[in-house]
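# Tertiary structure, described
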Amino acid sequence: MADEVRVRFAPSPTGALHIGGAHTALFNWLWARHTGGKFILRIEDTDRVRSTAEYEETIMAGMKWLNLDWDEGPDVGGDYGPYRQTERLDLYNKYARRLLDEGKAYKDGSAVIYKVPLGLDIGFDDEVYGHVDYKSDALIDGRTGVMKDIVLIKSDGFPTYNYAVVVDDHLMKISHVIRGEDHISNTPKQVLIYKALGWEMPKFAHLPMILGKDKKKLSKRHGATSVYEYRDMGYLPDSIFNFLALLGWAPKGNVEVFGRDLAIKEYELRNINRKSSVFDFDKLNFINQEHITEMPVREKFELVRPFWEEMGVDCGKLDLDYLGKCFEIMAGRGKTIKELAEFSDYLVTFAPVAARYDGSDLTDERRVLLKKFNTDFLSRPELVTPDQMLAFAREWCDANGAKLKDIAMPLRYMLTGYKVSPGIFEVIELLGRDEVSRRLRHYNVL
């Protein structure tokens, strides 16, 4: 086995890249980057019924979105493509013939089957779970009492998973096999094949399960969807990376919000937690919101822009300085980029405000009160800061027998279209008197 750390992510292209697969890919990628090793992508596409080129593309696109780059593979126009098992059939046949020649395997029709010897120690050491004991006798079918031999090459000419993965990992000089704990039960069969071929085994590290908040196996209702769906919902790739890294591992000091550099620096296989992790949407939202807050204005705008444009907002003439102020008063609001776009559209255009709030709840009495306040308020150009505006509003309400909420709440609806927003006088300061006046005239309260 080479001294260099070499790890791989080996998905089957029978579906998009989901959270569980992304978690496995990330933990492999981190180990390669931490050690200065190599991260390899291998597509295990021998399931000819369910494997598709489209799913392969979505898996790679999902990894690229998460910035989980791989380090080697067939050259495709100057870039690395993935290794594919369907392009390596001659290798699987080569070693199957060797086992046949050595009398360690036999044929049943066109299938090649490995004869499992009794009494062989097939336990293995795991970097996370410690030593796992296993004897080849455990492969005896308890119901029939017959030894379960291992199919290597199926009747259709394609290798089985447990055989192909051993050949691939050996020939690719994989030093660490890092994968989900659901593969622990497969490992003894793979150990048998390593022993049969006389090959040194890689180190194994099985990752704990990811559960929903109800402590049941992760499913779509818990959030086990394609990583692309998280992109479309407005989550940042760095936030998903941060969140997934915390499912079974944590940096020193239990820091919850961090970037890739810190994760690469501190990541260690020995620090992976054996305990199952919980997929907590509240934590993901918190992490995503923190990453959004820390983003530069231009970068944040480029992410918000498609959501605004989908809502009909013209983003062609927006000023970055103004956008910076918009995002600043929105800090802490909007758990995702999509929510940030929805909760801030009123700062860049009036159309969605009018669509959300038609003013039909404004009684004649309230309209008279608002007209008087708005006229007095907008005739005072010396009111510049939100604090000055708020002080004036309180004094005016005291003098006119009104409550502040009788003024502030209608103003909030007319200027933002929402019941909840940043401080209404912060909004007024940012929109400016001309735009505020235009919106108030639309509702006939000025």
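Residues numbered from 1 in each chain as written. Predicted model: local features only at pLDDT ≥ 70, side-chain atom pairs only at ≥ 80, totals over all residues. Heavy atoms only, no water.

This part takes up the overall build of the protein chain. Looking only at helices and strands, the protein chain has 18 helices and 14 strands in total. A globule of 446 residues ought to have a C-alpha radius of gyration of about 22 Å, yet the protein chain, at 30 Å, is considerably larger. Evaluated residue by residue, the protein chain yields a buried proportion of 50% over its 446 residues. Looking at the protein chain alone, contacts between residues at least 24 apart form 72% of all its contacts between residues at least 6 apart. Accessible surface, the protein chain as shown: approximately 21,400 Å² in total, 49% of it carbon and sulfur. Looking at charge distribution, the protein chain has the averaged site of its 62 positive side-chain charges lying 3 Å from that of its 69 negative ones. (Helix = DSSP H or I, 4+ residues; strand = E, 2+ residues; numbered from the N terminus. Rg over C-alpha atoms; globule rule 2.2 N^0.38 Å. Buried < 20%, exposed > 50% of the residue type's maximum accessible area, 1.4 Å probe, protein only. Contact = heavy atoms within 4.5 Å. Areas by Shrake-Rupley, 256 points an atom, 1.4 Å probe, with all protein chains shown as cover. Lys, Arg positive; Asp, Glu negative; His and termini not counted. Charge placed at Lys NZ, Arg CZ, Asp CG, Glu CD.)

According to the stated counting rule, one finds 25 aromatic pairs in the structure shown. Relative to Phe 241, the ring of Trp 29 lies with its centre 5.8 Å away and its plane at 90 degrees, an arrangement referred to as edge-to-face. Residue Trp 29 is located in helix α1 (residues 19-35), and its partner Phe 241 is located in helix α7 (residues 237-245); the two are separated by 212 residues in the primary sequence. Just as Trp 29 is buried, Phe 241 falls in that class too. A centroid spacing of 5.1 Å and a plane angle of 20 degrees characterise the contact between Tyr 357 and Tyr 413, whose relative ring orientation is stacked. Of this pair, Tyr 357 sits in the loop between α13 (351-356) and α14 (364-378) while Tyr 413 sits in helix α16 (residues 404-416); the two residues are 56 residues apart in sequence, bridging distant segments of the chain. Chaining the aromatic ring pairs together yields one cluster made of Phe 27, Trp 31, Trp 249, Phe 258 and Tyr 267. Across from the ring centre of Tyr 228, 4.0 Å away, lies the NZ or CZ of Arg 231, which sits over that ring. (Phe/Tyr/Trp six-rings, centres within 6.5 Å; stacked < 30°, edge-to-face > 60°. Lys NZ or Arg CZ within 6 Å of the ring centre and 35° of its normal.)

Side-chain pairs of opposite charge can arise where the charged atoms are in close proximity. Within this structure, the stated rule accounts for 29 salt bridges. Linking Arg 33 and Asp 69 is a salt bridge whose minimum nitrogen-to-oxygen distance equals 3.5 Å. Taken together, the positions of Arg 33 in helix α1 and Asp 69 in the loop between α2 (53-65) and β3 (75-76) put the pair 36 residues apart, joining distant regions of the chain. With a closest N to O distance of 3.9 Å, Lys 372 and Asp 376 form a salt bridge. Placement of both Lys 372 and Asp 376 in helix α14 is noted, with a separation of four residues, approximately one turn of the helix. Each member of the salt-bridge network shares a partner with another, and the members are Arg 8, Arg 42, Glu 44, Arg 88, Asp 168 and Asp 169. (Salt bridge = Lys/Arg side-chain N within 4 Å of Asp/Glu carboxyl O.)

Unlike most non-glycine residues, Lys 173 shows phi in positive territory, near 55 degrees. Among the structural elements, Lys 173 can be located in the loop between α4 (161-171) and β11 (176-180). The phi dihedral of Asn 254 is positive, around 50 degrees, even though this residue is not glycine. With respect to the helices, strands and loops of the structure, Asn 254 is situated in the loop between α7 and α8 (260-266).

We now examine the environment of Asn 273. When you line up the elements, Asn 273 lands in the loop between α8 and β14 (277-278). Remark: the alpha-carbon pair of Asn 273 and Ala 250, spanning 23 residues in sequence, is separated by 8.9 Å. Filtering out sequence-adjacent residues up to four positions away, Asn 273 remains in contact with Pro 208 and Gly 248.

The next subject is the packing of helix α15 (residues 386-400) against helix α17 (residues 424-431). Between two packed helices, what matters for the description is the angle formed by their axes and the separation of those axes. In the contact formed by α15 and α17, the axes pass within 9 Å of each other and the chain directions differ by 125 degrees. As judged from the angle between their axes, α15 and α17 are oblique. The handedness of the crossing between α15 and α17 comes out as right-handed. For the pair α15 and α17, the contacting residues are Pro 386, Met 389, Leu 390 and Ala 393 in the first and Phe 425, Glu 426, Ile 428 and Glu 429 in the second. Taken together, the residues of the contact of α15 with α17 sort by class into six nonpolar, no polar and two charged. (Axes fitted to C-alpha atoms, helices over the stretch in contact; angles between N-to-C directions. Parallel < 35°, antiparallel > 145°, perpendicular 65-115°, else oblique. Left-handed = near helix turned anticlockwise from the far one by under 90°. Nonpolar A, V, L, I, M, F, W, Y, C, P; charged D, E, K, R; others polar.)

The next subject is the nonpolar core. The biggest cluster of nonpolar side chains holds 51 residues, and the ones touching the most others in it are Trp 308, Leu 347, Phe 377 and Met 414. Taken together, the elements giving at least two residues each to this core come down to α10 (297-310), α11 (320-329), α12 (337-344), α14, α15, α16, α17 and α18 (433-442). The element contributing the most residues to this core is α17, with six residues. In this structure, Leu 347 is in contact with Tyr 322, Cys 326, Ile 329, Met 330, Val 427, Leu 430 and Leu 431, ignoring residues within four places of it in sequence. Listed in part, the 49 residues of the second largest apolar core include Leu 41, Ile 59, Trp 70 and Ile 287. (Core = buried A, V, L, I, M, F, W, Y, C linked by side-chain atoms within 4.5 Å.)

Helix length check: α10 (14 residues) gives 20 Å between terminal C-alpha atoms against 20 Å at 1.5 Å per residue, within 8%. The principal kink in α10, of about 35 degrees, is found at Val 304, preceding the proline Pro 306 by one to four residues. Listed in full, the buried residues belonging to α10 are Lys 300, Phe 301, Val 304, Phe 307 and Trp 308. If you follow the buried residues of α10, they end up packed against α6 (227-233), α9 (281-294), α11 and α12. Once α10 ends, the next one or two residues include Gly 312, with phi positive near 90 degrees. (Expected span 1.5 Å × (residues − 1). Bend = angle between axes of the 7 residues up to and from the residue.)

Further remarks concern the pairing of strand β7 (residues 111-114). Along β7, one buried face is formed by Ala 111 and Ile 113 and the opposite face, lined by Val 112 and Tyr 114, is buried too. Sheet topology places strand β6 (residues 105-108) next to β7; four bridges connect them, and they run antiparallel. What sits directly across from Lys 107, in β7, is Val 112. Counting the residues between successive antiparallel strands, the hairpin from β6 to β7 contains two residues, one of them, Gly 109, with a positive phi of roughly 70 degrees. (Pairing = 2+ DSSP bridges.)

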